[in-house]
Protein chains: 2
Amino acid sequence: MRPLTHPSTDDVSLEAILHALSDPVRMAIYAELEHADGPQSCTRFATALERGIPKSTLSQHFRVLREAGLVHSERQGVEMRNTSRRADIDRRFPGLLDAIMSAYRQQMGERSTPAS
Amino acid sequence: MRPLTHPSTDDVSLEAILHALSDPVRMAIYAELEHADGPQSCTRFATALERGIPKSTLSQHFRVLREAGLVHSERQGVEMRNTSRRADIDRRFPGLLDAIMSAYRQQMGERSTPAS
DNA sequence: TCCCGTAGTGCAGTAAATGCGAACTAATGA
DNA sequence: TCATTAGTTCGCATTTACTGCACTACGGGA
């Protein structure tokens, strides 16, 4: 098994971030990771996100988030500790995640309250 | 030829915007459109972006930008008048394009001045 | 009006990315 | 040592993207 690769903060690219977050599953994962307190395992999301996502697919999604620099993953025993690298990204691109996540929450709000 | 489709401001989705701008060519096109004064034709970018992009490819990129709601296209005689829908997006997702485009300009700046 | 040039679109083949089941690795504990 | 749990990797099927070529649409002569 190849070791986990995390880009250094300076190497994080806007393109990779936008691509990673343009997938609804990855966006949902990242959003949860961000406001979770403490690291979260991968499988937590297989069940948390309504539909049952196969673990091979989940694994790919985490790899994309990791290689974009959005998420830090570390093996802890048998499972993985995933945390948001929010602070790093904020240093790299101030205000970016603020704006994206606020747009995301806004859109989520609209969806849960369909137009009356 | 099918008519050009533009989403209404309310139907613009974050996902589509992030996807559209996660491609370097589309990002470059959108950035130029935004600070151009007045509408720009499609072919303007075939040459403007250093490498010669085939026009069928350009046409597809414009379609993605258009369907994401980022760009308004209108036929004017033989050519196309493309304009940024920045104001619409700002109303839909306040601060989003501000943050993304500022991150983009920052990253561009770094690339043109490689680390000393 | 007919023909030509220019701008962009649609199509079809191919190339690249994604999704997912199945087999695998790695760590833990009985 | 064997079973269990958490993730990864591989390989194949499906989807999506790129691009050359033929096409449409419009405008301007002659």
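Where an unreviewed UniProt entry is consulted, chain A appears under the name ArsR family transcriptional regulator, with the organism given as Salinisphaera hydrothermalis.

## Quick word on the overall build of chain A
When its secondary structure is counted, chain A shows 6 helices and 2 strands. Listing each helix as α and each strand as β along chain A from the N terminus yields α-α-α-α-β-β-α-α. Relative to its length of 116 residues, chain A is compact, with a C-alpha radius of gyration of 14 Å against a globular reference of 13 Å. Put simply, 66% of the contacts in chain A that link residues at least 6 apart link residues at least 24 apart. Approximately 6500 Å² of chain A is accessible, and the part contributed by carbon and sulfur atoms is 51%. Separation of charge centres in chain A, based on 15 positive and 15 negative side chains, amounts to 5 Å.

## Remarks on helix 1 (residues 14–21) of chain B
Within an α-helix, residues lying three or four positions from one another point in the same direction, as the helix has 3.6 residues per turn. The complete set of buried residues in helix 1 of chain B reads Leu14, Ile17, Leu18, Ala20 and Leu21 of chain B. One side of helix 1 of chain B carries all its buried residues, which in axial view fall inside an arc of 165 degrees.

## Considering the protein's contact with DNA strand D
If you check the shell around DNA strand D, you find 23 residues, and the closest are Arg2, Cys42, Lys55, Ser59 and Val78 of chain A. Of what DNA strand D places within 4 Å of the protein, 61% of the atoms are sugar or phosphate. Measuring from a phosphate oxygen of DNA strand D, one finds a backbone N or O atom of Met80 of chain A at 3.1 Å. Contributions of two or more residues to the surface near DNA strand D are made by helix 4 (55–68) and strand 2 (79–84) of chain A together with helix 4 (55–68) of chain B. Its residues assigned to classes, the surface near DNA strand D shows 7 nonpolar, 11 polar and 5 charged.

## Comments concerning the packing of aromatic side chains
All told, the structure shown has 2 aromatic pairs over all chains when counted by the stated rule. For the ring pair Phe45 of chain B and Phe62 of chain B, a centre distance of 5.8 Å and an interplane angle of 55 degrees mean the geometry is tilted. You can see Phe45 of chain B sitting in helix 3 (residues 43–48) and its partner Phe62 of chain B sitting in helix 4, a full 17 residues away along the chain. No difference in accessibility class separates Phe45 of chain B from Phe62 of chain B, as the two residues are buried. Here the guanidinium or amino end of Arg44 of chain A rests over the ring plane of Phe45 of chain A, the centre of that ring lying 5.3 Å away.

## Re the protein's contact with DNA strand C
Around DNA strand C sit 20 residues, and of these Arg2, Cys42, Thr43, Lys55 and Ser59 of chain B come closest. For DNA strand C, the backbone makes up 61% of the atoms found within 4 Å of the protein, where backbone means sugar plus phosphate. Within the backbone of Thr43 of chain B, an N or O atom sits 2.8 Å from a phosphate oxygen of DNA strand C. One of the backbone N or O atoms of Met80 of chain B is found 3.2 Å from a phosphate oxygen in DNA strand C. Of all elements in the fold, only helix 4 of chain A together with helix 4 and strand 2 (79–84) of chain B reach the threshold of two or more residues within the surface near DNA strand C.

Scoring rules and cut-offs
Residues numbered from 1 in each chain as written. Chains lettered and ligands numbered in written order. Predicted model: local features only at pLDDT ≥ 70, side-chain atom pairs only at ≥ 80, totals over all residues. Heavy atoms only, no water. Helix = DSSP H or I, 4+ residues; strand = E, 2+ residues; numbered from the N terminus. Rg over C-alpha atoms; globule rule 2.2 N^0.38 Å. Contact = heavy atoms within 4.5 Å. Areas by Shrake-Rupley, 256 points an atom, 1.4 Å probe, with all protein chains shown as cover. Lys, Arg positive; Asp, Glu negative; His and termini not counted. Charge placed at Lys NZ, Arg CZ, Asp CG, Glu CD. Buried < 20%, exposed > 50% of the residue type's maximum accessible area, 1.4 Å probe, protein only. Arc of directions from axis to C-beta. Near = heavy atom within 4 Å. Polar contact = N/O pair within 3.5 Å; in protein donor to acceptor, adjacent residues only side chain to side chain. Nonpolar A, V, L, I, M, F, W, Y, C, P; charged D, E, K, R; others polar. Phe/Tyr/Trp six-rings, centres within 6.5 Å; stacked < 30°, edge-to-face > 60°. Lys NZ or Arg CZ within 6 Å of the ring centre and 35° of its normal.

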